[in-house]
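Letter by letter, the chains look like this.
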Amino acid sequence: MILFKTEGEVNTESTLKIAIEEALKTESKKLLIASSRGYSAEKALSMVPDGIKLIVITHHVGFKEPNCDEFSADVKKRLIEAGHIVHTATHALSSVERAFRRKYGGIHAAEIVADALRLISQGFKVCVEISLMAADAGLVRCDEWVIACGGSSEGLDTAVVIRPANSSRLFDLKIGKILCMPSEYA
């Protein structure tokens, strides 16, 4: 496992190199990438070799403000033209619970799971979350190992080998290996 000394965008290229190398070893040859605006997806598109299926998971329209899709339409078009997938979905570990928390206060089960995963790293939580989202959309199977990449805000800094699960079966998800992540210990 590689531990980065800092988190964020500065690790995007290194994270993708590590993830692509591992994806080539998997039977599925699938690489999940979290991307909010398109930077990480565009970087992945420029690096991913033939034979790797790139699945970009973006957050839902209206995440920051109503009716606003933050993901670059140009990057989405280029990904699709290259035969890859872009999937826009609600976060599996916050979804409607966030609305209830904002209106009524309190904490809810999915948010507890998210916070527990953040104890490892924000990017680790994102890797789990996008794997759930991809499985819910039928983009990955729950009996295959894939590589998932997430980050701490901008860019990518975490990659894991993961066997996804549908969100209704969250606890069936399995982590095979943490490939890289930021750490204060590094």
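Bear in mind that the values here come from a model prediction, so they are computed numbers and not experimental data.

**Observations regarding the pattern of salt bridges**
Phase 1: For the structure on display, the rule yields 13 salt bridges.
Phase 2: Salt-bridge contacts for R101 lead to E111; the nearest nitrogen and oxygen are separated by 2.6 Å. With a gap of 10 residues between them, R101 in helix α4 (residues 95–104) and E111 in helix α5 (residues 109–118) connect regions that are remote in the sequence.
Phase 3: By relative accessible area, E111 is classed as buried at 8%.
Phase 4: Through salt bridges that share partners, E13, K17 and K43 make up one connected network.

**Quick notes on the packing of α4 against α5**
Phase 1: The contact between α4 and α5 brings their axes to 8 Å, and the two run at 105 degrees. When the interaxial angle is binned, α4 and α5 end up roughly perpendicular. Residue-level contacts link E97, R98 and R101 of α4 to A109, A110 and E111 of α5.
Phase 2: In terms of residue class, the contact of α4 with α5 is built from 2 nonpolar, no polar and 4 charged.

**Section: the pairing of strand β7 (residues 174–182)**
Phase 1: As judged from the 3 bridges shared by strand β1 (residues 2–4) and β7, these two strands associate in the parallel manner. For I2, the partnering residue across the bridge sits in β7 and is C180.
Phase 2: Of the strand pairs in this sheet, strand β6 (residues 158–163) and β7 are connected by 5 bridges, and their pairing is antiparallel. Among the inter-strand pairings, V160 is bridged to a residue of β7, identified as I178.

**Let's talk about unusual backbone geometry**
Phase 1: In the Ramachandran plot, K29 falls in the positive-phi region, its phi being about 55 degrees despite a non-glycine side chain.
Phase 2: Along the polypeptide, K29 turns up in the loop between α1 (12–23) and β2 (30–34).
Phase 3: Since its relative accessible area comes to 26%, K29 is described here as partly exposed.
Phase 4: Backbone geometry at N67 places phi at a positive 65 degrees, although glycine is not the residue there.
Phase 5: Structurally, N67 can be placed in the loop between β3 (53–59) and α3 (73–81).

**Points about the sheet that holds β6**
Phase 1: An order of β1-β7-β6-β5-β2-β3-β4 is seen for the 7 strands of this open sheet, with the pairing classed as mixed. Whereas interior strands pair on both sides, the edge strands pair on one side only; in this sheet they are β1 and β4 (85–89). Within this sheet the neighbouring strands show an average axis-to-axis angle of 25 degrees, counted without direction.

**Here we look at the pairing of β2**
Phase 1: Counting buried residues along β2, 5 of its 5 residues qualify, which places the element largely inside the surrounding structure.
Phase 2: Burial of β2 is two-sided: the residues K30, L32 and A34 facing one way and the residues L31 and I33 facing the other way are all buried.
Phase 3: With 5 bridges joining them, β2 and β3 adopt parallel strand pairing. Within the sheet, the bridge partner assigned to L32 lies in β3 and is I55.

**Notes on the side chain of T26**
Phase 1: Within the secondary structure, T26 sits in the loop between α1 and β2.
Phase 2: Residues in contact with T26, not counting those within four places in the same chain, are W145 and I147.

Cut-offs and rules
- Residues numbered from 1 in each chain as written.
- Predicted model: local features only at pLDDT ≥ 70, side-chain atom pairs only at ≥ 80, totals over all residues.
- Heavy atoms only, no water.
- Salt bridge = Lys/Arg side-chain N within 4 Å of Asp/Glu carboxyl O.
- Helix = DSSP H or I, 4+ residues; strand = E, 2+ residues; numbered from the N terminus.
- Buried < 20%, exposed > 50% of the residue type's maximum accessible area, 1.4 Å probe, protein only.
- Axes fitted to C-alpha atoms, helices over the stretch in contact; angles between N-to-C directions.
- Parallel < 35°, antiparallel > 145°, perpendicular 65-115°, else oblique.
- Contact = heavy atoms within 4.5 Å.
- Nonpolar A, V, L, I, M, F, W, Y, C, P; charged D, E, K, R; others polar.
- Pairing = 2+ DSSP bridges.

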